[in-house]
Number of protein chains: 2
Amino acid sequence: MTDDPNNPNAFGIWPSEVATELPDKFDASLYFIGRIRTPWKQRKDCPKNARESDAICTIEIDPRWAAALTEIDTCTHLVVLYWMNRSRRDLVLQVPHHYRVPRGTFALRSPARPNPIAMSVVRLVRVDGNRLSVVGLDCLDGTPLLDIKPYFASTDAVAEAVVGWHAAGQKTE
Amino acid sequence: MTDDPNNPNAFGIWPSEVATELPDKFDASLYFIGRIRTPWKQRKDCPKNARESDAICTIEIDPRWAAALTEIDTCTHLVVLYWMNRSRRDLVLQVPHHYRVPRGTFALRSPARPNPIAMSVVRLVRVDGNRLSVVGLDCLDGTPLLDIKPYFASTDAVAEAVVGWHAAGQKTE
C-alpha cells in the first residue's frame, strides 16, 4: 500500500528518524492549477534527481489559467512548484537514501516536509496552448502543479553554492 | 486600506489587467512554520528585488520544527519559500511596475498569482538555534515562512538562463 495516495504515511519512518506533532490547524490553502505528465508511474521509476534524465515532460495548465502563460515563451528556463501529495509532513529528522545519517528536513530536498512543495528548475522546450514541454523534472506522472515562474539568472543562479554534508558524502561514499 | 492583511484586493486591478474566476474550493493546505523578519514595514520600503539590498534578514523557525535545521549550517545558500498573504490570486494578465505592457502571471515574479508562494535564493550567514541570518530577501517584515531547502548548484544554478521580455525591456527602457 506504499503507493496509496490516501496513505499519509506512505514513506514510513525509520528507527533513527524523528517526527513532531503537527499543528492542529492549517494557515493557508492552495489551488492545484494543472498536472505534470511524466514517464514515471511509480516512485521506483523516478530519476534520483532532475539532472539524471533528459526526458521531456509536459506541464498541463488548467484552461482557467491559460492566459497567464502569455509571454512565457520568451523564457529559456522556469521555476516549477508542485505538490508532493503522498508525503508525510511531520518528520524533522530523516535518513536520506544512500546515507546512514539522519539529517534535518530543511537540509534535505526530500518530499517529506511540513509543506511538501517541491521546486525544480526546468528548461522550456515548447509551448503548445496550455501545455509546456520541459526538461528537468523527476516527479511522478499526475503530480499536481502549484506555480510556474520565470527563472532569472541574476537572482536565482548561484554557481558557487555548496551543500556541505552532500559534498563531504560524495568524497567518502 | 491597501495594507490591510484581510483585503484580498490590496493590489487593486489596472485597466489592462485581466482576472479569472477562482475555483470554488481549495485542493491542499499549508502550515506557516515561522516568520521572516526584515527591515521593511511597508511595501514601498521593500527593495525591488533581492539583489538590491545587502540587509541581513532573520528567519525565525517555530520551535516545533527547530530540529529540522540540523546540518543546515553546512549549506552556503538556501531556497526559501514564503507566503505573500496580501496578494490577490485571480490575475492572469498583469502590468508590472515600470512596464506598460500586460504580461502573463506565469511570466512574472509578481506576488499576485493563484498560489502566492514566493521563492528566494539566499546566502546563509549564521545559525543561532531556531534563527537563521540570511542575505537575499526583499519581503515585508512578518511574512509567513513555508519552507527552507538546501540550494544545489548542480540542479538549481543556470547561469545562461534568459527571460526574453525582461532582457528586451532593459535594452529600450
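Located above this text is the structure these notes cover.
Residues numbered from 1 in each chain as written. Chains lettered and ligands numbered in written order. Predicted model: local features only at pLDDT ≥ 70, side-chain atom pairs only at ≥ 80, totals over all residues. Heavy atoms only, no water.

Peer 1: What's the story with the relation of the copies chain A and chain B in this structure? I'm lost.
Peer 2: Superposition of the two copies of the chain requires a rotation about an axis together with a shift along that axis. After a rotation of 180° and a shift along the axis of 0.0 Å, chain A superposes on chain B with an RMSD of 0.0 Å. This pairing of chains is accounted for by a two-fold axis. A shared interface surface links the copies, since 100% of the contact residues of chain A are contact residues in chain B too. (Least-squares fit on C-alpha atoms with pLDDT ≥ 70 in both. Contact = heavy atoms within 4.5 Å.)

Peer 1: I'm lost on the side chain of B:His77 in this one. Help?
Peer 2: Locating B:His77 in the fold gives a position in strand S5 (residues 77-83). Taking the relative accessible area as the measure of exposure, B:His77 reaches 10% and is therefore buried. In this structure B:His77 touches A:Val158, A:Ala161, B:Val122, B:Arg123, B:Leu124, B:Pro150 and B:Tyr151, once residues within four positions along its chain are discounted. (Helix = DSSP H or I, 4+ residues; strand = E, 2+ residues; numbered from the N terminus. Buried < 20%, exposed > 50% of the residue type's maximum accessible area, 1.4 Å probe, protein only.)

Peer 1: Could you clarify how one ought to interpret the interface of chain A and chain B in this entry?
Peer 2: Reports often express the size of an interface as the amount of accessible area lost when the parts come together. Listed by partner, the interface residues are 72 residues for chain A and 72 residues for chain B. Taking both partners together, chain A and chain B bury about 7000 Å²; carbon and sulfur atoms supply 63% of that area. The largest per-residue losses of area from chain A upon contact with chain B belong to A:Tyr31, A:Phe106 and A:Arg109, which jointly make up 13% of the total buried on that side. At the junction of chain A and chain B, the tally comes to six salt bridges. Its salt-bridge partner being A:Asp147, residue B:Arg113 comes within 2.8 Å of it at the nearest N-O pair. Those elements giving two or more residues to the side of chain A that touches chain B turn out to be strand S2 (28-30), strand S5 (77-83), strand S6 (91-94), strand S7 (103-104), strand S8 (117-128), strand S10 (143-150), helix H1 (153-156) and helix H2 (164-172) of chain A. Per-element tally for the side of chain A that touches chain B: the top contributor is S10(A), with five residues. (Buried area = accessible area lost by both parts, 1.4 Å probe. Salt bridge = Lys/Arg side-chain N within 4 Å of Asp/Glu carboxyl O.)

Peer 1: Quick question: what am I supposed to make of the packing of aromatic side chains here?
Peer 2: Scanning the model with the defined rule gives two aromatic pairs over all chains in all. Judged by centre distance (4.6 Å) and plane angle (25°), the rings of A:Phe26 and B:Tyr31 are stacked. Placement of A:Phe26 in the loop between strand S1 (18-19) and S2 and of B:Tyr31 in the loop between strand S2 (28-30) and strand S3 (34-37) is noted, with the two residues assigned to different chains. B:Tyr31 gets classed as buried once you look at its relative accessible area, which sits at 5%. (Phe/Tyr/Trp six-rings, centres within 6.5 Å; stacked < 30°, edge-to-face > 60°.)

Peer 1: Mind showing me how you'd approach the pattern of salt bridges here?
Peer 2: In a structure, side chains of opposite charge can pair up when their charged atoms sit close to one another. Tallying each qualifying case throughout the model produces 24 salt bridges over all chains. The residue A:Glu60 makes a salt bridge to A:Arg37 at a minimum N-O spacing of 3.6 Å. Pair noted here: A:Glu60 is in strand S4 (residues 56-61) and A:Arg37 is in strand S3 (residues 34-37), with a separation of 23 residues, a long-range link. A salt bridge links A:Arg103 to B:Glu71; the shortest N-O distance between them is 3.2 Å. You can see A:Arg103 sitting in strand S7 and its partner B:Glu71 sitting in the loop between strand S4 (56-61) and S5, one on each of two chains. Overall, the relative accessible area of 8% leaves A:Arg103 in the buried class. Connected through salt bridges with shared partners, the residues A:Arg37, A:Lys41, A:Glu60, A:Arg131 and A:Asp141 form a single ionic network.

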